[in-house]
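One letter stands for each residue in the lines below.
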Amino acid sequence: MDLLEAKRLLETGRTTPLALLEEALERAKAFQDRNALAYLDEEAARKEALALTEELRRGQVRGPLHGLPLTVKDLFPVKGMPTRAGTKAPLPPLPEEARAVRRLREAGALLFAKTNMHEIALGITGENPWTGPVRNAVDPSRQAGGSSGGSAVAVALGIGLASLGTDTGGSIRIPAGFNGVVGFKPSYGRVSLEGALPLSRSTDHAGPLTRSVRDAHFLTEILAGESIPLEGVQNPVFGVPLDFLEGRLGVEVRKAFTRLLEDLPALRAEVREVSLPLEGVYEVYTRLVRYEAARIHEKALKEHPEGFSPQVREALLAGLALTEKDYRDAVAEREALRLELVKALRGVDALLLPVHPLPAPPLGTEEAELESGRKGHREACITLTLPFSLLGVPTLALPFAKVEGMPVGLQVVGAYGEDGKVLALGGWLEARLG
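Predicted, not measured: the structure shown is a model, and the values here were computed from it. (Residues numbered from 1 in each chain as written. Predicted model: local features only at pLDDT ≥ 70, side-chain atom pairs only at ≥ 80, totals over all residues. Heavy atoms only, no water.)

Asks: Just checking my understanding: could you explain the environment of Glu231 for this structure?
Replies: With respect to the helices, strands and loops of the structure, Glu231 is situated in the loop between α7 (213-224) and β7 (237-240). For Glu231, a relative accessible area of 37% gives the class partly exposed. Separated by 67 residues in the primary sequence, Glu231 and Leu164 have C-alpha atoms spaced 24 Å apart. If we skip the residues at most four places from it in the chain, Glu231 touches Gly420, Lys421 and Ala424. (Helix = DSSP H or I, 4+ residues; strand = E, 2+ residues; numbered from the N terminus. Buried < 20%, exposed > 50% of the residue type's maximum accessible area, 1.4 Å probe, protein only. Contact = heavy atoms within 4.5 Å.)

Asks: How should I be thinking about the nonpolar core in this particular structure?
Replies: As a rule of thumb, soluble globular proteins bury nonpolar side chains together. Formed by 139 residues in total, the largest nonpolar core has its most connected members in Leu65, Leu70, Phe76 and Leu104. The leading source of residues in this core is helix α10 (residues 281-296), at eight residues. Excluding its chain neighbours within four sequence positions, the residues that come into contact with Leu70 are Leu3, Leu65, Leu104, Ala109, Leu110, Leu111, Phe112, Ala113, Leu161, Ala162 and Leu219. (Core = buried A, V, L, I, M, F, W, Y, C linked by side-chain atoms within 4.5 Å.)

Asks: Mind showing me how you'd approach the sheet that holds strand β4 (residues 163-167) here?
Replies: Sheet strands line up and pair through hydrogen bonds in the backbone, either parallel or antiparallel. Strand order in the open sheet formed by 11 strands is β1-β3-β2-β4-β6-β5-β12-β13-β9-β7-β8, with mixed pairing between adjacent strands. Sheet topology places β1 (37-40) and β8 (270-273) at the edges, where each strand pairs with a single neighbour. For this sheet, the mean inter-axis angle between neighbouring strands, taken without regard to orientation, is 30°. Sheet strands touched by helix α9 (residues 251-263): β7, β8, β9 (350-354), β12 (395-403) and β13 (406-413). Its angle to β12, the strand with the most contacts, is close to 110°. (Pairing = 2+ DSSP bridges. Axes fitted to C-alpha atoms, helices over the stretch in contact; angles between N-to-C directions.)

Asks: Teacher, can you tell me more about the pairing of β4 here?
Replies: Remember that side chains alternate between the two faces of the sheet whenever the strand is regular. The element β4 is extensively covered by neighbouring structure, given that five of its five residues are classed as buried. Burial along β4 is two-sided: the residues Ser163, Gly165 and Asp167 and Leu164 and Thr166 are all buried. Pairing between β4 and strand β6 (residues 205-210): five bridges, direction antiparallel. Bridged to Asp167 within β6 is His205.

Asks: I would appreciate a short explanation of helix α1 (residues 3-11) in the present structure.
Replies: Within an α-helix, residues lying three or four positions from one another point in the same direction, as the helix has 3.6 residues per turn. When α1 is considered as a whole, its buried residues turn out to be Leu3, Leu4, Ala6, Lys7 and Leu10. Viewed along the axis of α1, the buried residues span an arc of 155°, placing them on a single side of the element. Taken together, the buried residues of α1 touch α2 (17-30), α3 (42-57), β2 (69-73) and α7. Between a side-chain oxygen at the N-terminus of α1 and the backbone nitrogen of Leu4 the separation is 3.3 Å; the capping residue is Asp2. (Arc of directions from axis to C-beta. Polar contact = N/O pair within 3.5 Å; in protein donor to acceptor, adjacent residues only side chain to side chain.)

Asks: In this structure, what is going on with the pairing of β7? I would like to understand it.
Replies: Burial along β7 is two-sided: Val237 and Gly239 and Phe238 and Val240, pointing in opposite directions, are all buried. Taken together, the four bridges between β7 and β8 define a ladder with parallel strand orientation. Its bridge partner lying in β8, Val240 is registered against Glu273. Both β7 and β9 contribute to a ladder of two bridges, which runs parallel. Across the sheet, Gly239 pairs through a bridge with Leu351, a residue of β9.

Asks: What should I look at first to understand the packing of aromatic side chains in this one?
Replies: Counted under the stated rule, the structure contains two aromatic pairs. Ring centres of Phe238 and Trp428 lie 6.1 Å apart, and the angle between their planes is 55°; on these two criteria the pair is classed as tilted. Here Trp428 lies in helix α16 (residues 419-433) and Phe238 lies in strand β7, a separation of 190 residues in the sequence. Accessibility classification places Phe238 together with Trp428 in one group, the buried group. Considering the side-chain rings of Tyr291 and Tyr327, the 4.4 Å spacing of their centres and the 15° angle between planes classify their relative orientation as stacked. Here the residue Tyr291 occupies a position in helix α10, and Tyr327 occupies one in helix α13 (residues 324-345), the gap between them amounting to 36 residues. Residues Tyr291 and Tyr327 agree in their burial class; the two are buried. In this arrangement the basic side chain of Arg295 is found over the ring face of Tyr291, its NZ or CZ atom lying 3.8 Å from the centre. (Phe/Tyr/Trp six-rings, centres within 6.5 Å; stacked < 30°, edge-to-face > 60°. Lys NZ or Arg CZ within 6 Å of the ring centre and 35° of its normal.)

Below, the structure written as structure tokens:
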């Protein structure tokens, strides 16, 4: 069941916070091999669930999430839980609790566990030498995606009803796509990241991973602390950036996406080809994020370099070698790319494109076979998602097909601030695509 279903059962007395927690704990034990959780204190969680159950029995409701068990990615400080962010390196000073976590707690959520992640959120595979790989919810021999892999797997397997993640270049959407759940990256700044461990302050986003679009909308309103009205859609117009996708998909994902585009007119949606020439976007993103990440972890990198795994250390050192001019140039180039996206969105309600070029690959994969030939796994996988983090626009990921028996995700991309419209379009698609 999804979050809102569980909420109705609670409100009608057909379940209790303790019963929902026990179900989540059973699922966590049953799927321990997936390595979704970074921290779980069952005794403390049961104590909190009992208190929430008793309050509900007395008619004392803390808020709209009262008694609903949720997980939190392990770069958000949560009171009473350690924060390691998947690394052995010392972290910069962090507060007792992040603001987004406080919002969930104040709404009555039962925050019972923290989820595993790619080290310091700098990676998209979910494979971590310090904590072990997070394994795909559908096929444990495959990647879960990153960096919010543990959150996506937990949601997919019913280890809690939803999770709080972050997305700097695809870290909510890629795991959501790989594991067949919904992930929403709101407009930049919509959900506060105050108190969370940053990776790239100008590109980081916080958002929910859920089992349905309506849950994503419900949670985003709570996390943002404001209403996000859904904009009604009857005959949506979707823009498809075929030039941007050229050579960037695998053959089978291309076929699945083409079938979707062929089916949409029968569902009373218009499909238009749009141009999105994001020249050099991968390089701009990489330069900007690595520069910012290296400055956040500079002290630990100099004093305790052994605390970072070799791949993460190498990326941080590359960022440290970048000059302030390199960074300023990347910021200026981002503004030019932003104009290209604004042009592409003119005359359409949203852009549609796959989340990832291939279904979740086997653990240890280093290269991907695309229509254009072989590419490094990182570049192949992240290029479809990173533009919309770099440019700060609301983007929803939801399942739309299966390839090799694995889920494939679809991105719905809107203009900055049009979060309600993107969520409404996602709900429209979800209802029609099943």
